[in-house]
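Spelled out from the first residue to the last, the chains are:
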Amino acid sequence: LGSGIGVMAAPSSPTLLASGLDGSTGAGSAIGPDGALYVTQAKVGVISRVDPKTGAVTTFASGLPEAIDGFPIGGVMDVAFIDGNAYALTTLVGPALGGNPSDVTGIYRVDSSNSFTLIADLGQFSFDNPPPPGFDYFVPFGVHYTMEPFRGGFLVTDGHLNRVLYVSLDGEINVMIQFGNNVPTGLAVHGNQIYMAEAGPVPHAAEDGKVVVFKPGSSSAIEVGSGAPLLVDVEFGRGRTLYALAQGDFPGPPYPDAGAAALPNTGSLVKVNQDGTFTTLAENLNLPTSFEIIQNSAYVATLAGEVWKIENIADAPFGMSE
């Protein structure tokens with residue numbers, strides 16, 4: 001994990017890079033082959049390109065499945081790239097949930113700005129392959145949150161059925177690992193090791209906000225760090241330093257249903273230390289959902305439809321220059 005070498009320079013205060021997006025039911029992100037930031041606008045079925053230097057926002061793709069009114073989460077949740085091609089992850093859409101009859105919970109390849117090809121029906125797979133007996137769930141189609149390129153396909157977290165799927169580009173789907181009630185969210189990969197953020201069960205207490213690691217074929221994961229409420233993402237920065245994003249404090253009691261957002265302005269970006277603790281780099285973030293790291297800056301997408309930039313996140317010697 002992080003080297004801890006040298007003196008840590010304080011990260012800059014978050015600055016607003018872009019606004020006016022509609023991430024109100026989910027805002028996933030990825031770095032494209034052009035080095036730009038790509039962010040999903042889940043509610044309106046759009047993927048936007050954000051220039052990481054200027055903050056200029058342009059529409060990359062539109063017409064993807066939109067979130068269904070009344071659901072706290074859903075629509076186009078994440079975006080990722082393999083071999084220069086963009087792919088979009090959707091969840092909680094389709095006729096079985098009262099949505100558009102042509103929409104599917106799954107992974108779509110983006111063929112053009114308004115043309116898409118479904119490569120994997122994750123909702124049907126989840127319905128046909130439920131969790132083990134005794135597992136408590138009420139949405140048989142799953143709630144898919146993040147996808148991450150891995151071995152020529154994708155890893156996909158299901159934060160409701162509490163498992164990670166592996167999906168090939170020809171549509172084959174398998175359960176890679178099944179968990180208990182830990183609510184898997186974000187993913188990062190280093191070689192054969194898969195790092196995963198866990199939000200933990202409601203009320204998403206700080207001690208349940210964990211980063212864990214496992215390998216293909218593992219039946220359980222090893223804890224790497226914990227201590228931030230409602231973790232939603234994890235990424236590697238310079239020097240193999242690991243960072244995580246917490247959406248923040250959960251409202252209540254009484255507590256809302258699973259899937260509800262954290263309290264506004266309680267989110268944080270943290271660094272994962274070698275001793276399993278977290279160091280807070282930025283706090284009071286407003287409903288963050290995902291982040292990416294470009295050089296020595298973190299770019300945080302939020303449910304409020306904003307992208308915030310946090311510079312100088314790495315320790316020296318990795319943080320000395322962009």
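The structure reproduced in this document is the subject of the present report.

The rules behind the values
- Residues numbered from 1 in each chain as written.
- Predicted model: local features only at pLDDT ≥ 70, side-chain atom pairs only at ≥ 80, totals over all residues.
- Heavy atoms only, no water.
- Salt bridge = Lys/Arg side-chain N within 4 Å of Asp/Glu carboxyl O.
- Helix = DSSP H or I, 4+ residues; strand = E, 2+ residues; numbered from the N terminus.
- Buried < 20%, exposed > 50% of the residue type's maximum accessible area, 1.4 Å probe, protein only.
- Phe/Tyr/Trp six-rings, centres within 6.5 Å; stacked < 30°, edge-to-face > 60°.
- Pairing = 2+ DSSP bridges.
- Axes fitted to C-alpha atoms, helices over the stretch in contact; angles between N-to-C directions.
- Core = buried A, V, L, I, M, F, W, Y, C linked by side-chain atoms within 4.5 Å.
- Contact = heavy atoms within 4.5 Å.

## Side note on the pattern of salt bridges
The full count for this structure, using the stated rule, is 5 salt bridges. With a closest N to O distance of 3.4 Å, Lys43 and Asp69 form a salt bridge. Residue Lys43 is found in the loop between strand E3 (37–41) and strand E4 (46–50), and its partner Asp69 is found in the loop between strand E5 (57–62) and strand E6 (75–82); the two are separated by 26 residues along the sequence. Its relative accessible area of 29% is what places Lys43 among the partly exposed residues. With its nearest N and O atoms 2.7 Å apart, the salt bridge here joins Asp111 to Arg109. The class for Asp111 is partly exposed, based on a relative accessible area of 38%. Given a relative accessible area of 28%, Arg109 falls into the partly exposed group.

## Observations concerning the packing of aromatic side chains
Applying the stated criterion across every chain, the model contains 9 aromatic pairs. Pairing Tyr38 with Phe60 gives two aromatic rings, centres 5.0 Å apart and planes at 80°, and the pair type is edge-to-face. With a gap of 22 residues between them, Tyr38 in strand E3 and Phe60 in strand E5 connect regions that are remote in the sequence. Taking relative accessible area as the criterion, Tyr38 reaches 5% and is therefore assigned buried. Given the relative accessible area of 26%, Phe60 is considered partly exposed. Ring geometry for Tyr38 and Phe81: centres 5.1 Å apart, planes at 65°, overall edge-to-face. With Tyr38 in strand E3 and Phe81 in strand E6, the pair connects residues that are 43 residues apart, well separated along the chain.

## Topic: the sheet that holds strand E14 (residues 184–190)
Strand order in this open sheet of 4 strands is E14-E15-E16-E17, and the pairing throughout is antiparallel. Only two strands of the sheet have a single neighbouring strand rather than two, namely E14 and strand E17 (222–226). Ignoring strand direction, the axes of neighbouring strands in this sheet form an average angle of 25°. Relative to E17, strand E16 (residues 210–214) runs antiparallel, the two being bridged by 4 bridges. Each bridged residue has a counterpart across the sheet, and for Val212 the counterpart in E17 is Glu223.

## Thoughts on the nonpolar core
Membership of the largest hydrophobic core comes to 25 residues, with the highest contact counts inside it found for Tyr243, Leu245, Leu269, Phe291, Ile310 and Ile313. Among the secondary structure elements, those contributing two or more residues to this core are strand E19 (242–246), strand E21 (278–285), strand E22 (288–294) and strand E23 (297–302). At 3 residues, E21 tops the list of elements feeding residues into this core. The residues contacting Leu245, other than those within four sequence positions of it, are Leu230, Leu231, Val232, Asp233, Ser268, Leu269, Leu285, Pro288, Thr289, Ser290, Phe291 and Val300.

## Some points on the environment of Leu285
Structurally, Leu285 can be placed in strand E21. For Leu285, a relative accessible area of 6% corresponds to the buried category. Sequence separation of Leu285 and Asn265 is 20 residues, and the distance between their C-alpha atoms is 4.8 Å. With sequence-adjacent residues up to four places away left out, Leu285 is seen in contact with Pro14, Leu245, Asn265, Thr266, Gly267, Ser268 and Leu269.

## Examining the environment of Ala298
Looking at the secondary structure, you find Ala298 in strand E23. Overall, the relative accessible area of 0% leaves Ala298 in the buried class. Taking the C-alpha atoms as reference points, Ala298 and Ile313, 15 residues apart in sequence, are found 7.2 Å from one another. Setting aside chain neighbours within four positions, we find Ala298 in contact with Leu269, Phe291, Glu292, Ile293, Trp308, Lys309, Ile310 and Ile313.

## Some details on the pairing of strand E11 (residues 153–158)
Across the 6 residues that make up E11, a large majority, 6, are buried. Counting the residues that bridge the hairpin from strand E10 (residues 144–150) to E11 gives 2 residues, and of these Arg151 lies at a positive phi of roughly 50°. For E11 and strand E12 (residues 163–167), the ladder comprises 5 bridges, and the chain directions are antiparallel. Its bridge partner lying in E12, Leu155 is registered against Tyr166. The turn joining E11 and E12, which pair antiparallel and follow one another in sequence, is formed by 4 residues; a positive phi near 55° is taken by Asn162.

## Focus on the sheet that holds E22
Pairing is antiparallel in the open sheet, where 4 strands are placed in the order E1-E24-E23-E22. In this open sheet, the two strands that pair with only one neighbour each are strand E1 (15–18) and E22. The average angle at which neighbouring strand axes cross in this sheet is 30°, direction not considered.

That is the geometry; function is a separate question.
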